[in-house]
Amino acid sequence: VSLVHINIIITFTISLIGLLIYRSHLISSLLCLQGIILSLEAPVTILNSHFTLASIIPIILLVFAACEAALRLALLVIVSNTYGTDYVQNLNLLPC
Amino acid sequence: MNPFISIMLLSTLILSTMIVTISSHWLFAWIGLEMNMMAIIPIMMKKPTPRATEASTKYFLTQATASALLMLAIIINLMYSSQWTIMKLFNPTASILMTMALAIKLGLAPFHFWVPEVTQGIPLTTGLILLTWQKLAPISILYQISPSINLHLMVTMSFLSILIGGWGGLNQTQLRKIMAYSSIAHMGWMTTILLYNPSLTMLNLLIYIIMTFTMFTLLAQNSTTTTLLLSQTWNTMPIMTTFTMLTLLSMGGLPPLTGFMPKWMIIQELTKNESLLLPTLMAITALLNLYFYMRLAYSTALTLFPSTNNMKMKWQFYPTKQMTLLPTAIVLSTMLLPLTPMFFILL
């Protein structure tokens, strides 16, 4: 309800909309996915009110976000190898 | 694929679903779902054809978005309840977000667009893993949060899934896409009953997994992926035509076969809860599913499809592919109906 919460919610929403609406390049959607997870780190790290012990949960979340980023970059490399670019209009084989 | 990598990927796949089902901390459930996605993408890319690449990319994008939405729902739940235990959710917003995230993971309508495309691009056995094993983890989470799911959202999504699974499969000749639309429709049936009696969701999931396993194993014997190839099985393995027809009719939900059991139980539970219009419409829409199963059974077992004369005189070799558990699966997917009281009490 405070300004910090609204800031985080707006970050998440902008990244989510950026993930869902991308014009031609695949990499912009992948960047926005990273931005989503980053905006979810903030409540877990900072906004635990009055919780004074150290917690490992944000670090584990970051580890899995990094693994996911590696996987998405690997997929981007394979797409780029088969098509030359990362335009999303190239991914049109499967609806047939 | 290198056997070490294959063993590592399969064991990660199995371990991830186990982690999701036995965890009591929301972070572990999220970790299990992430591991699930990471383990299955190399399995989908065994043969790096452009179709497999596209299928993997689409699968990854949808599942990663669903994971991110799930994490947001977990954090909103954390804000409102200050604890990470998996139980019913404490905020309606978190509940709606988590239901939508798990619906994206399962392939419920209106988030079903990835299922036919991804199932089409991957080999048959990988499609089997995708449509059966991957459903276990999200449904176990849905089972655990079922007291707090919004009724209107769930019933809308499931009824829309049944409609889209029925109508979407009508225009397909590719068998993998037909199985994908059948998966969407069955997921719809499963999630309809989730809010009234979650045990029946588990029963429907079990019967669906047995029937889909049977169907995919039968299709993998001849590597048939289209209706045209399926109609040639009378020539290569005649007994498979009978089994294919029986399994297809069981999936359509015809009475003396097993597939009738979950539909019967679900309609009974829904009418006990005084909703009469919904089960009527669901039962009528299940006829659409039955129509395209019947079309496949007709072209496989009941008629000779038009083909050239050379195709009619194939050598009948001994099958070299391993039919793992096929006789057991066929018996289970056609003859379990008399055991209904046992399942009803067990689950």
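It should be noted that the structure appears before, not after, this text.
Remember, predicted model here, so these are calculated numbers, not experimental data.

(A) Region of the structure containing the packing of helix H5 (residues 114–121) of chain B against helix H9 (residues 175–192) of chain B. Residue and element names in this part refer to chain B. For the pair H5 and H9, the least separation of the axes is 8 Å and the interaxial angle reads 145°. Note that H5 runs across H9; the crossing there is right-handed. The segment H5 lies against H9, with Val-115, Pro-116, Thr-119 and Gln-120 engaging Arg-176, Lys-177, Ala-180, Tyr-181 and Ile-184. Residues that form the contact of H5 with H9 fall into these classes: 5 nonpolar, 2 polar and 2 charged.

(B) Layout of helix H10 (residues 198–222) of chain B. For H10 of chain B, with 25 residues, the first-to-last C-alpha span of 37 Å sits near the 36 Å given by 1.5 Å per residue. Of all the 25 residues making up H10 of chain B, 19 are buried; the element is thus mostly covered by neighbouring parts of the structure.

(C) How the structure looks around the pattern of salt bridges. Residues and elements named next belong to chain B. Throughout the structure, instances matching the rule amount to 4 salt bridges over all chains. Of the charged contacts in the structure, one is a salt bridge between Lys-58 and Glu-54, with a shortest N-O distance of 3.1 Å. Of this pair, Lys-58 and Glu-54 both sit in helix H3 (residues 50–81), 4 residues apart, which is roughly one turn of the helix. Its relative accessible area of 19% is what places Lys-58 among the buried residues. A salt bridge links Lys-58 to Glu-117, with the nearest nitrogen and oxygen atoms 2.7 Å apart.

About the cut-offs
Residues numbered from 1 in each chain as written. Chains lettered and ligands numbered in written order. Predicted model: local features only at pLDDT ≥ 70, side-chain atom pairs only at ≥ 80, totals over all residues. Heavy atoms only, no water. Axes fitted to C-alpha atoms, helices over the stretch in contact; angles between N-to-C directions. Helix = DSSP H or I, 4+ residues; strand = E, 2+ residues; numbered from the N terminus. Left-handed = near helix turned anticlockwise from the far one by under 90°. Contact = heavy atoms within 4.5 Å. Nonpolar A, V, L, I, M, F, W, Y, C, P; charged D, E, K, R; others polar. Expected span 1.5 Å × (residues − 1). Buried < 20%, exposed > 50% of the residue type's maximum accessible area, 1.4 Å probe, protein only. Salt bridge = Lys/Arg side-chain N within 4 Å of Asp/Glu carboxyl O.

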